[in-house]
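Remarks on the overall topology
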Amino acid sequence: MTDNPVIGVLALQGDVREHLIALASSDAVARPVRRPEELAEVDGLVIPGGESTTMSKLAVLFGMLEPLRERVAAGMPVYGTCAGMILLADKILDPRSGQETVGGIDMIVRRNAFGRQNESFEAAVEVAGVPGGPVDGVFIRAPWVESVGARAEVVAVHGGHIVAVRQGNALATSFHPELTGDHRVHALFTDMVRSVG
């Protein structure tokens with residue numbers, strides 16, 4: 001692995017551009033991923049925020065769901081924000097009809113747990129493994145984690161709720177650090193990708 005790992009951003013739906021910018025600032029080679037052959041070329045992957053049900057259906061439509069499951073199960077580093085956290089959960093507490101997940105983190109998530117779009121907010125969040133003080137997190141119709149299994153590590157809590165989890169090479173946050181200009185969580189993930197190589 002070089003110091004400049006190739007990290008993809010799943011570009012089916014959601015805030016792809018902001019993640020590409022955040023990853024590039026962490027010295028990763030960032031590129032959008034829409035097809036299985038593009039997924040095969042990356043060292044790690046970010047699953048962005050967006051609408052988790054739509055992303056799940058598009059992943060099936062584009063033939064991406066099974067390749068994603070296979071790469072994550074094989075240990076490819078992956079980072080999910082908001083809807084991406086939902087897709088990385090092994091179980092959703094309140095799934096929409098037909099909604100599937102990629103899985104990879106032994107956690108149960110609750111969709112839209114922090115409220116509707118008009119209840120979105122920003123908050124300072126202490127994230128274990130991220131130096132330099134709290135991260136400014138943007139919560140937009142954000143999920144939270146109801147519970148984690150023995151293999152998952154809670155790395156951030158806000159308002160008494162779990163908002164960031166890590167399990168092996170998988171990281172998930174219910175908030176959007178990519179929308180703030182603070183790229184330290186992306187730097188942490190880029191280091192995770194480097195360490196696998």
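The following paragraphs examine the structure supplied in this document.

Definitions and limits used
Residues numbered from 1 in each chain as written. Predicted model: local features only at pLDDT ≥ 70, side-chain atom pairs only at ≥ 80, totals over all residues. Heavy atoms only, no water. Helix = DSSP H or I, 4+ residues; strand = E, 2+ residues; numbered from the N terminus. Buried < 20%, exposed > 50% of the residue type's maximum accessible area, 1.4 Å probe, protein only. Contact = heavy atoms within 4.5 Å. Areas by Shrake-Rupley, 256 points an atom, 1.4 Å probe, with all protein chains shown as cover. Lys, Arg positive; Asp, Glu negative; His and termini not counted. Charge placed at Lys NZ, Arg CZ, Asp CG, Glu CD. Expected span 1.5 Å × (residues − 1). Axes fitted to C-alpha atoms, helices over the stretch in contact; angles between N-to-C directions. Parallel < 35°, antiparallel > 145°, perpendicular 65-115°, else oblique. Left-handed = near helix turned anticlockwise from the far one by under 90°. Nonpolar A, V, L, I, M, F, W, Y, C, P; charged D, E, K, R; others polar. Pairing = 2+ DSSP bridges.

As a further point, take the overall build of the protein chain. Along the backbone of the protein chain there are six helices and twelve strands. Taken over the C-alpha atoms alone, the protein chain extends approximately 40 × 40 × 35 Å along its principal axes. In the protein chain, buried positions account for 50% of the 197 residues. Of the contacts made within the protein chain by residues no fewer than 6 positions apart, 66% connect residues no fewer than 24 positions apart. Taken as a whole, the protein chain presents about 8200 Å² of accessible surface, with 50% of it coming from carbon and sulfur. Charge-centre separation for the protein chain: the mean point of 17 positive side chains lies 5 Å from the mean point of 24 negative side chains.

We now examine the side chain of serine 56. Looking at the element boundaries, serine 56 is found in helix H3 (residues 52-61). Accessibility expressed as a relative area gives 1% for serine 56, which makes it buried. Beyond its immediate stretch of four places on either side in the chain, serine 56 contacts Leu87, Gly98, Gln99 and Glu100.

A separate point is helix H6 (residues 184-196). With 13 residues, H6 extends 19 Å between its outermost C-alpha atoms, agreeing within 8% with the 18 Å of an ideal straight helix rising 1.5 Å per residue. Within the span of H6, buried status applies to Val185, His186, Leu188, Phe189, Thr190, Met192 and Val193.

The contact between helix H1 (residues 16-25) and H6 brings their axes to 8 Å, and the two run at 65°. The angle between H1 and H6 falls in the class roughly perpendicular. Handedness of the H1/H6 crossing: right-handed. Contact residues: H1 offers His19, Ala22 and Leu23, while H6 offers His186, Phe189 and Thr190. Here the residues of the contact of H1 with H6 are counted per class, giving three nonpolar, three polar and no charged.

Alternating positions in strand E12 (residues 170-173) separate into two faces, Ala170 and Ala172 on one and Leu171 and Thr173 on the other, with burial throughout. In this sheet, E12 lies alongside strand E4 (residues 78-81) in parallel orientation, the contact comprising four bridges. Considered in E12, the bridge of glycine 80 is made with alanine 172. Sheet analysis places strand E11 (residues 161-167) next to E12, joined by four bridges and oriented antiparallel. Following the sheet pairing, alanine 164 is matched in E12 by threonine 173. Joining the antiparallel neighbours E11 and E12 is a turn of two residues, in which glycine 168 adopts a positive phi near 60°.

Interpretation note: all reported values are geometric properties and have no functional meaning in isolation.
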